[in-house]
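Summary of structural features
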Amino acid sequence: MTTFTDALPPFSRETAAEVGPPDLILRSSDSVDFHTHKTLLGFVSPVFQDMFGFPPPTQLKEGVDVRDAIPIVQLSEPSDALRKLLLLCYPQALTNESLDNLDGLYLAYGAADKYQIPNATTAILAAISSFIKDEPYRVHAIACHFGLPDLGKSAARQTLKDFFLPTDRKYGAPEFALVPASKLLRLHRFHVECGENAAKIVKGYTATLPYDEHATESELPWRVVRGHDANCGAFVDQDNVGSPVYSPAQWFQNHMGAVEEVVRYQPNGDAAAKAVLDYGETLRDISKCQLCSRDSARHLSVLSDNLREGVERSNDHTALVFTQLGFV
Ligand SMILES: [Zn+2]
């Protein structure tokens with residue numbers, strides 16, 4: 001005996017009748033019956049339209065081929081995906097419910113694509129995109145599965161906001177079964193390269209540079225050689241051929257070392273900018289020197305903004321390279 005249940009409103013037998021007498025039952029893979037209307041489905045989907053053209057079986061079996069004389073079409077989609085899709089086909093029934101959760105959206109997208117319902121495809125894709133911020137890895141997996149490069153790229157960029165595959169999230173999501181490990185490894189490579197490039201930018205700020213004592217000194221306090229309190233200030237040395245070179249104040253080198261660690265693993269402009277302004281230990285060192293405590297905050301604030309832009313620009317460049325390799 002076939003067991004089946006009725007779908008929730010508006011696709012239960014009673015609520016579907018409010019639109020007009022239902023004349024078709026779509027049965028999901030998990031045996032949930034959606035009471036629908038041929039005219040409306042035929043109108044939104046050429047695939048459904050063709051489906052209705054088949055002559056009914058000669059021996060109609062109650063509960064399998066028909067229910068109370070209404071024909072049943074067995075579909076391969078589970079009920080949660082079918083519900084999301086049908087809500088989009090019945091605009092008067094559309095509620096936030098249909099698209100406010102990423103669960104099953106990829107199945108609904110696959111169904112919309114299969115049944116050729118372009119409006120639903122567009123709406124579901126927009127809904128999937130809205131989860132990029134919270135679920136970038138799941139969205140990236142969906143993008144890989146359906147071959148959607150723009151979505152894949154946006155999701156990949158979002159992964160840069162945090163450590164790669166942060167462990168405090170759930171990774172049992174079904175989307176991960178859709179993609180081969182090679183795609184995840186490529187995403188990891190993108191994350192690593194963005195981190196390496198961001199770290200290089202940070203390193204640049206502490207570079208040892210040629211020194212000319214007659215030139216006007218930099219206004220950056222950590223690059224100023226004279227006028228600091230004891231054990232502070234940029235220091236002059238000689239390079240391996242005896243030419244004078246100078247390095248920024250030790251506190252600045254330590255500080256930027258900490259910033260480098262942050263951007264290497266969270267390579268995004270905001271994290272970089274925040275790390276520059278996160279003085280913590282550095283403040284103790286700065287406060288030992290009058291010159292540095294007077295001028296550093298202002299200049300670090302400018303550096304913070306510049307670094308934010310620099311890291312984002314660098315990520316743009318790395319993303320461009322990976323776009324050519326293929327993000328999905
Ligand atoms: Zn100083």
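First things first, this report covers the structure right here in the doc. (Residues numbered from 1 in each chain as written. Predicted model: local features only at pLDDT ≥ 70, side-chain atom pairs only at ≥ 80, totals over all residues.)

1. A closer look at the environment of Gly257
Inspection of the secondary structure puts Gly257 in helix 10 (residues 250-265). The exposure class assigned to Gly257 is exposed, which follows from the 12 C-beta atoms found within 10 Å. Residues Gly257 and Ser28 lie 229 residues apart in sequence; the distance between their C-alpha atoms is 57 Å. (Helix = DSSP H or I, 4+ residues; strand = E, 2+ residues; numbered from the N terminus. Buried ≥ 20, exposed ≤ 12 C-beta atoms within 10 Å, placed from the backbone.)

2. Examining the sheet that holds strand 6 (residues 209-210)
Taken in spatial order, the three strands make up an open sheet running 6-8-7, and their pairing is antiparallel. Each edge of the open sheet carries a strand with a single partner, namely strand 6 and strand 7 (235-238). Sheet analysis places strand 7 next to strand 8 (residues 244-247), joined by four bridges and oriented antiparallel. By the bridge assignment for strand 8, Asp237 is matched with Val245. (Pairing = 2+ DSSP bridges.)

3. A closer look at the sheet that holds strand 1 (residues 5-6)
The strand order across the open sheet formed by five strands is 1-3-2-5-4, and the pairing between neighbours is mixed. Looking along the sheet, the strands with just one partner apiece sit at the ends: strand 1 and strand 4 (66-67). Where strand 1 lies against strand 3 (residues 32-36), two bridges are found, and the strand directions are parallel. Opposite Thr5, over in strand 3, you have Val32 as the bridge partner.

4. Quick word on the packing of helix 4 (residues 79-89) against helix 5 (residues 105-114)
The relative placement of two packed helices is expressed as an angle between their axes plus a distance between the axes. Relative to each other, helix 4 and helix 5 sit at 60°, their axes nearing to 8 Å. On the basis of the axis angle, helix 4 is oblique to helix 5. Helix 5 is crossed by helix 4, and the crossing has right-handed handedness. Counting all contacts with helix 4, which are made through Ala81, Leu82, Lys84 and Leu85, the residues of helix 5 involved are Leu105, Leu107, Ala108, Ala111 and Ala112. Residue composition of the contact of helix 4 with helix 5, grouped by class: eight nonpolar, no polar and one charged. (Axes fitted to C-alpha atoms, helices over the stretch in contact; angles between N-to-C directions. Parallel < 35°, antiparallel > 145°, perpendicular 65-115°, else oblique. Left-handed = near helix turned anticlockwise from the far one by under 90°. Contact = placed C-beta atoms within 7 Å. Nonpolar A, V, L, I, M, F, W, Y, C, P; charged D, E, K, R; others polar.)

5. Section: helix 4
For helix 4, the tally of buried residues reaches ten of eleven residues, placing the bulk of the element in the interior. For helix 4, the set of buried residues is Ser79, Ala81, Leu82, Arg83, Lys84, Leu85, Leu86, Leu87, Leu88 and Cys89. Residues of helix 4 that are buried sit in contact with strand 2 (24-27), strand 3, helix 2 (38-44), helix 5 and helix 6 (118-129).

6. A short note on the nonpolar core
Residues Leu85, Ala108, Ala112, Ile124, Val263 and Ala272 are the most contacted members of the largest nonpolar core, which totals 75 residues. If we skip the residues at most four places from it in the chain, Leu85 touches Ala108, Ala111, Ala112 and Ala120. (Core = buried A, V, L, I, M, F, W, Y, C linked by C-beta atoms within 7 Å.)

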